[in-house]
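For reference, the chains in residue letters:
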Amino acid sequence: TETTIYSYSVPGGTLSTNVMLRLTLWGEFTNNGSGATRTFTIRVKYGATTALVLVASVTDTTNVRPFKIVAELSGRDATTVQAAVGLLCVGDGVAANDAADQPLALPRMSIYRTVAIDSSVAQTLAVTAEASVSTNLTETNLRVAQLEEI
């Protein structure tokens, strides 16, 4: 089941060719006791369009897998054209609150996707998460969300 983990109404006129939004999310993937590797799909949406898709494979473990997502959305050329880029990093989940947690794999990046939404009116910026198999053993927990206008 696709679940919204973050949502914000971006006021009309916010994006321009010299103003972008940067959304940083910290959280955890859990795949505890499923007996199999699960795929977690993160979708960053602007208005009715999916701007970015980021995917992580998480093996069965009793430890959570910390993640960090950075998504940037910028106006491009006109109020009806935007560009988006995103990065997903997932930790190995050695132990909770482990300062030496190492990346599970190379960061996943969704590079420069063009979005065509009218940014002169308010649009919803949303992030959803979906596990390949949805059970009570697979979860995506958002811990921190910060949106910046830069």
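All of these numbers come straight from a predicted model, not from anything done at the bench.

Conventions adopted
- Residues numbered from 1 in each chain as written.
- Predicted model: local features only at pLDDT ≥ 70, side-chain atom pairs only at ≥ 80, totals over all residues.
- Heavy atoms only, no water.
- Pairing = 2+ DSSP bridges.
- Helix = DSSP H or I, 4+ residues; strand = E, 2+ residues; numbered from the N terminus.
- Polar contact = N/O pair within 3.5 Å; in protein donor to acceptor, adjacent residues only side chain to side chain.
- Contact = heavy atoms within 4.5 Å.
- 1 Å grid on protein atoms, 1.4 Å probe; cavity = no way out; pocket = protein on both sides within 12 Å on 5 of 7 lines; lining within 4 Å.
- Points joined across faces, edges and corners; volume = space filled by probe spheres on them.
- Nonpolar A, V, L, I, M, F, W, Y, C, P; charged D, E, K, R; others polar.
- Phe/Tyr/Trp six-rings, centres within 6.5 Å; stacked < 30°, edge-to-face > 60°.
- Core = buried A, V, L, I, M, F, W, Y, C linked by side-chain atoms within 4.5 Å.
- Buried < 20%, exposed > 50% of the residue type's maximum accessible area, 1.4 Å probe, protein only.
- Axes fitted to C-alpha atoms, helices over the stretch in contact; angles between N-to-C directions.

Draft legend 1. Geometry of the pairing of strand β4 (residues 49-58). As paired strands, strand β3 (residues 38-46) and β4 are joined by nine bridges and run antiparallel to one another. Of the residues in β4, the one forming a bridge with K45 is T50. In textbook terms, the turn of a hairpin is the stretch between consecutive antiparallel strands, and for β3 and β4 this stretch comprises two residues, one of which, G47, has a positive phi near 60 degrees.

Draft legend 2. Examining the environment of T14 more closely. Structurally, T14 is set in the loop between β1 (3-10) and β2 (20-31). A C-alpha to C-alpha distance of 9.5 Å links T14 and S74, two positions 60 residues apart in sequence. Here P11 takes part through its backbone oxygen, which lies 2.6 Å from a polar atom of the side chain of T14.

Draft legend 3. Here's a closer look at the side chain of T128. As for its position among the elements, T128 is in strand β8 (residues 123-131). Reaching out from T128, the side chain makes a polar contact with the side chain of E2 at a distance of 2.6 Å. With sequence-adjacent residues up to four places away left out, T128 is seen in contact with E2, T3, T4, I5, T41, I42, R43 and K45.

Draft legend 4. Inspection of empty space enclosed by the protein at higher detail. Under the counting rule described, the total for this entry stands at one cavity of 30 Å³ or more. By volume, the largest cavity is sized at about 60 Å³. Elements supplying a minimum of two residues to the lining of the largest cavity: β2, β4 and β5 (65-76). Considering each element in turn, the lining of the largest cavity owes the most residues, three residues, to β5. Residue composition of the lining of the largest cavity, by class: nine nonpolar, no polar and one charged.

Draft legend 5. Here's a closer look at the packing of aromatic side chains. This structure, assessed with the given rule, holds two aromatic pairs. One aromatic cluster in this structure is built from F29, F40 and F67.

Draft legend 6. Structural detail: the nonpolar core. Membership of the largest hydrophobic core comes to 30 residues, with the highest contact counts inside it found for F29, I42, Y46, I69, L88 and V127. Residue assignment for this core shows that the elements contributing at least two residues are β1, β2, β3, β4, β5, β6 (78-90) and β8. Ranked by the residues each element gives to this core, the list is headed by β4, at five residues.

Draft legend 7. Looking closely at the sheet that holds β4. Strand order in the open sheet formed by four strands is β1-β8-β3-β4, and the pairing between neighbours is antiparallel. Of all the strands in the sheet, the pair left with one neighbour each is β1 and β4. The mean inter-strand angle of the sheet, taken between neighbouring strand axes irrespective of direction, is 10 degrees. Sheet topology places β3 next to β8; seven bridges connect them, and they run antiparallel. The residue bridging R43 from the neighbouring strand is T128, located in β8.

Draft legend 8. A look at the side chain of Q123. Along the polypeptide, Q123 turns up in strand β8. Assessed through its relative accessible area of 15%, Q123 is described here as buried. One polar contact links the side chain of Q123 to the main-chain carbonyl oxygen of D118, over a distance of 3.0 Å. Setting aside residues no more than four positions away along its own chain, Q123 makes contact with Y8, S9, V10, Y46, G47, I117 and D118.

Read these as spatial facts, not as claims about activity.
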